[in-house]
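Structural description and commentary
Here is how the chains run, residue by residue.
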Amino acid sequence: MQSLKPSSTDKPGSTVQSGDACFECMAGKEVDWTVIVLTCQHKDSVFAFHKELEVRRDRGSLGRQPILLTVEDPKAQVGSGGATLNALLVAAEHLSARAGYTVVTSDVLQKAWVLILHMGRDYLFDDCSRAFTCLPLEEPAAPAEALTCNLDRLLATLTHQVCRGSPPGVWVSSTDMLLTVPTMAEIDWRRFQGVRVVAVPGSISYARQHGVYLADAQVFLFCFPMDSSMDFPWITQPPTFHTGGNHDRDKNFEYLPWVHLHWLSTRPLHCGTGNDFFHKSAPEWVQMEGASASNSVLVEGVVQDILYQNPEDQIKQCVGPDGKVPLVCGVVFFSSETAEQLLATHVIPPLDACTYLGLDSGAPATQLSLFFDILLCMAQGVSKEAFLEGRSPGTGSGDAQDAGAARSARSVLWKALHAVPLTMVYIPEGCYDYMTMSASNHICHLTPHVGTARSSSFRKVAHSHVAEPQLLAEGCSVTNSVLEGAVAVGPGSVIQHCCLKGPLEIHTGCLLTGLDVASSVALKNHLLKDVVIQGHAVRLREIPCTVFTLSGRYDDWQSPAEENGTYLNVPWAEFFLRTGIRSQDLWSPDTASAFPPCLLNARLFLVLHASESLGLGDLLCLLGSPGAGQLQRWRTSWRMSWEELRGILDQEAELASRRATFFLQAQSKTRRVLMEHSSCSLLPLIRSAVLEGYQEAMLGTLDQVASTASDPGIAARALACVADLLGCMAKGEGGLRSGPAANAAWIPAFRHLEEGNIPEGIKELAEERKKWLNRPGLLVRAARHYEGAEQILIRQAVMSSGQFISFRQGELPPMGHWLRVACPARVDLSGGWSDTPPITYEHGGAVVDLAVLVDGHRPIGAQARRIPEPELQLVSCSGRLEGEVVVELVCRDLENLLDYCQPHAPGALLKAALICTHIVDLPSQKTLREQLKERFGGGLELRTWSHLPHGSGLGTSSILAGAVIASLYWASGRSTSVESLIHDVLHLEQVLTTGGGWQDQVGGLMPGLKIGRSKAQLPLKVEVEQITVPEGFIHTLNEHLLLLYTGKTRLARNLLQDVVRNWYARLPTIVQNASALVSNAEECAQALQQGSLALLGKCMNHYWQQKKRMAPGCEPLAVQRMMEVLQPYVYGQSMAGAGGGGFLYVLTKEPRSQEALQRILTETEGLGNFSVHMVEVDTVGFHMQLLEEEGEC
């Protein structure tokens, strides 16, 4: 037999792992649902649950805008089959209407992915059903922070795992179970027809109370690595081989990442994992050692029968080689063709009575089971007569109905569907837990247990504020709750949707839900152990109120009271003896005669009293021996049983209450995250607040934090969060977030912040904000102004670096003598963005910089001199590659300098430098001429130049600022250090309002190679360390380092705003990237110390990837193409500065490669007007020269 060999060439869609050659075919796409239908029993629930679906759609967790339908069952007890048929009809109606049809057509199902979710019966332990039972989970990566319900986890499991890659059709799933699928191989859908059910392993004992598939396991799917030595000489009859990818079957088997072996279970089979093969008596290989996510086993089989609560000897027929039985887990897939066939039955009596159309036409209701009517008729081992009589092998009576109607309904189903193939897929790593009426099981389902896949990601505290978390024992869970004070929770206890205040002790085995702060007083007076205490929102003739229920963890709600029934974990007789309550208090004679008395129908729970208000304490007295007054109060109150209560449950109010509790704890979380400088992102919470209408509450919390924080950094982040919230309120409309923020209406608030009066500034901002909330355009503009306010506080924080500025006063230089300062450019080798405020003082920064000559020259400089005229003469020359621009200004009045803080105003940098160096005092009562005459005996002439293009990325503006300050200090008779000059530039850029970090001036003012660092603290101080390199390495670096001007001007002026915005949002990728930038800078410094070009190039490449993560959009397509072309010839490369345009620097593998790279790029199309420039390490740094005559710029 021909051996099967993978190609040595990597193919698309495959990944090669180390060790054994392991190939994985590309996984199928996750399902993008066309329609999602949620069925529920009660019409009063439809609105509330539909709103829940809409919220999930708006969060983005339901795919790309599916049609959402919440459908009431046509009539109570139509069964899962009737609910499925009705839901399918409603889905087809909506799809038909969307397609432009005026009648229902089944053709619309051909290209639709429909998901029908059945909510099932009411649930004792959650008023919003099993589907909306909250799990102790948090999803940090979710775009919007929210509670995770069983429905959410089930949707994720189906969408991303079980249903992945499926063809169009209808998926049906119950929501009354916890379904966990840690890992699974993708289901093979090729040549699939009919219906497929999903099964997971279960024990025989568990299966006695559940459904089990009896299947002929004909097809085994096993994925394993292939290598060149594989062949199958021991197979006497060749199995069918086909690849897991979409490859042409007529071609040879050269590329086989997954191999599926189709083989009868009665045959022996050789198979294994890796290079180890075993002979197995089929199908023992399911148990093979080494099974993992990369070689999962899926077993497919044809369903022979469906057993339910059958004797153990019959269940044993279903046992597989793993010793487990395939449990019915409530998930079924109908191909689009089969769904059409099923839909066609809705017009045939008596099945028409399963849908709302039939009932509206007056047809009597018909009960239909999805599994024991619709699916069972397709099972190969069930005879027609047995099915029609409801006595299929192993199913007992199924869903018994009127015999004639039942037989007629099954006859229709048999005729329509019997020929449809029914197959089962068995997921060996799946886990199924039915949510029973046992409180003990429910508590177990909501608490973490070591070694169980179901609870592996459960948290002790999920979406909750706990004042004293040390009082929570291991093994408990607190979800969507606020616990103030000393609230101790024992192991195995669950608290959900509660607001409690300590001191309070909750012992083991308790379930508390829906309790408010007022309940805490009553709880303190009782021993709370193994009890279930719930608060229920109910509506009595449109009057909302709360009713409390109390039960024991081990109570069986359905056990007859006269037999083995219990209440509060003790027999009824013992309860009656302890409390003085009598049987007739709980069950009236008519109730007792109709139904066996049990906990479900016991009228225990207080609803109303004729003259007094009721509270939890009036019910908790049943935990002990109530006094005469308490017992009388209990007896004279209107009481209900659970069966009666469930008819008046207000699920809309319950969901609203949970939402209110969620945002109450969210406000506490917001305060905690901000005040503790936590790296936790608040953006998901902000999105959620906007989606669910809690934006005002969140705004109030952020205002309160900003106005009371003693740290301006906290206030700045709070303002950034307000800006994010306003941006979310605009819902993607209103324009770009970045833009001007100088509207006159906001200036009074800004003025308070500039003066340091933060509380008054926050108050003014909030007042002005109210006028900007009524349309998206105004919201976006308001967000910009909040970011402007945040920038004021950042500037104040950065200005703390002013204490590290110092100078020495000397004599004024001679009139007319120039001091010329020439500076190198800088190349940032790693760490950039970590020097940017507020990152640099909140996280800490490290940047490796290189001072360089470009084409042999220092391209940046300034010169100043005293002149006799009492005026300021300012000349600025910039650009050479794209044409020189000259700006000439003469300032004779202070008014000429007032635009110093407008970065785009002519000469703004020079004017800001004059103010920062105290040459000019704007608030002074003296005129400019008077100030200049008094201090300098005349005026000053200041000239600056840069031979680099605008947006070069080589640090021009900051280095130029340093040159200007140095020359002005000299012209005014002062001197300073380079270290002081670095902080001077930081200060100037805050005055200029451009922001920015410290790496540029470090790179251009300090000589050679160095690493600058700042600690995560204020005041902001930059410390620079020169990097010592091996002898001769500078020369080597000069021969391998080149600058390439891309010809692209950086158009994205708002990169800095975007980075600061994302940092304040604490996006996880940004926080992680900030740490990676600092780490890479330290590694880069080590590479330089070692003199390793290869390691240096590696750090440069990492740095470029980090830059792109920090500021998406910084890589133009032409630059991307240029870097792709150069990649084989360089150790590393990166755009200089923020990217987006300007210069690209490369570390070539060969020395002196300028001409070679020029030739390669010239031959590449689409690169535009680029140029290659020589670069040398400047070991001197900025150069000062005294000139008696005017020098050339």
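Please refer to the structure higher up on the page.
Residues numbered from 1 in each chain as written. Predicted model: local features only at pLDDT ≥ 70, side-chain atom pairs only at ≥ 80, totals over all residues. Heavy atoms only, no water.

1. Looking at the sheet that holds strand E50 (residues 1183-1187)
- Judged by pairing direction, the sheet is mixed, and its six strands sit side by side in the order E41-E40-E42-E39-E36-E50 without closing on themselves. The two strands at the open ends of the sheet, each matched to only one other strand, are strand E41 (885-891) and E50. Neighbour-to-neighbour, the strand axes of this sheet turn through a mean angle of 10°, independent of strand direction.
- Sheet topology places strand E36 (residues 818-823) next to E50; five bridges connect them, and they run antiparallel. Each bridged residue has a counterpart across the sheet, and for Ala-822 the counterpart in E50 is His-1183.
- Across the sheet, helix H29 (residues 956-971) is in contact with E36, strand E39 (860-867), strand E42 (939-946) and E50; its angle to E39 comes to roughly 25°. (Pairing = 2+ DSSP bridges. Helix = DSSP H or I, 4+ residues; strand = E, 2+ residues; numbered from the N terminus. Axes fitted to C-alpha atoms, helices over the stretch in contact; angles between N-to-C directions. Contact = heavy atoms within 4.5 Å.)

2. So, the pattern of salt bridges
- Taken as a whole and assessed by the stated rule, the structure comprises 50 salt bridges.
- Linking Asp-58 and Arg-57 is a salt bridge whose minimum nitrogen-to-oxygen distance equals 3.6 Å.
- Look at Asp-58 and you get partly exposed, because its relative accessible area is 42%.
- Arg-57 gets classed as partly exposed once you look at its relative accessible area, which sits at 21%.
- Residue Lys-911 is joined to Asp-899 by a salt bridge in which the shortest nitrogen-to-oxygen separation is 2.8 Å. Taken together, the positions of Lys-911 in helix H27 (residues 908-916) and Asp-899 in the loop between E41 and H27 put the pair twelve residues apart, joining distant regions of the chain.
- Lys-911 gets classed as buried once you look at its relative accessible area, which sits at 4%.
- Within the structure, one salt-bridge network assembled from shared partners comprises Glu-52, Arg-56, Arg-59, Asp-152, Arg-659 and Glu-692. (Salt bridge = Lys/Arg side-chain N within 4 Å of Asp/Glu carboxyl O. Buried < 20%, exposed > 50% of the residue type's maximum accessible area, 1.4 Å probe, protein only.)

3. Notes on helix H23 (residues 747-754)
- All buried positions along H23 are accounted for by Ala-749, Phe-750 and Leu-753. Along the axis of H23, the buried residues cluster in a sector spanning 100°; they form a single face.
- Turning to H23, the residues buried within the fold contact helix H24 (758-769) and helix H25 (776-798). (Arc of directions from axis to C-beta.)

4. Examining the packing of aromatic side chains
- Taken as a whole and assessed by the stated rule, the structure comprises 22 aromatic pairs.
- Relative to Phe-663, the ring of Phe-662 lies with its centre 5.0 Å away and its plane at 90°, an arrangement referred to as edge-to-face. Considered together, Phe-662 and Phe-663 belong to a single accessibility category, that of buried residues.
- Arranged with centres 5.5 Å apart and planes meeting at 35°, the rings of Phe-807 and Tyr-969 form a pair that is tilted. A residue pair is termed long-range when its members are at least 10 positions apart, and Phe-807 in the loop between H25 and strand E35 (808-809) and Tyr-969 in helix H29 qualify at 162 residues.
- By relative accessible area, which is 38% here, Phe-807 ends up partly exposed.
- Taking the ring centre of Phe-387 as reference, the NZ or CZ of Arg-410 above it sits at 6.0 Å.
- Over the face of the ring belonging to Trp-634 we find Arg-639, whose NZ or CZ atom lies 4.0 Å from the ring centre. (Phe/Tyr/Trp six-rings, centres within 6.5 Å; stacked < 30°, edge-to-face > 60°. Lys NZ or Arg CZ within 6 Å of the ring centre and 35° of its normal.)

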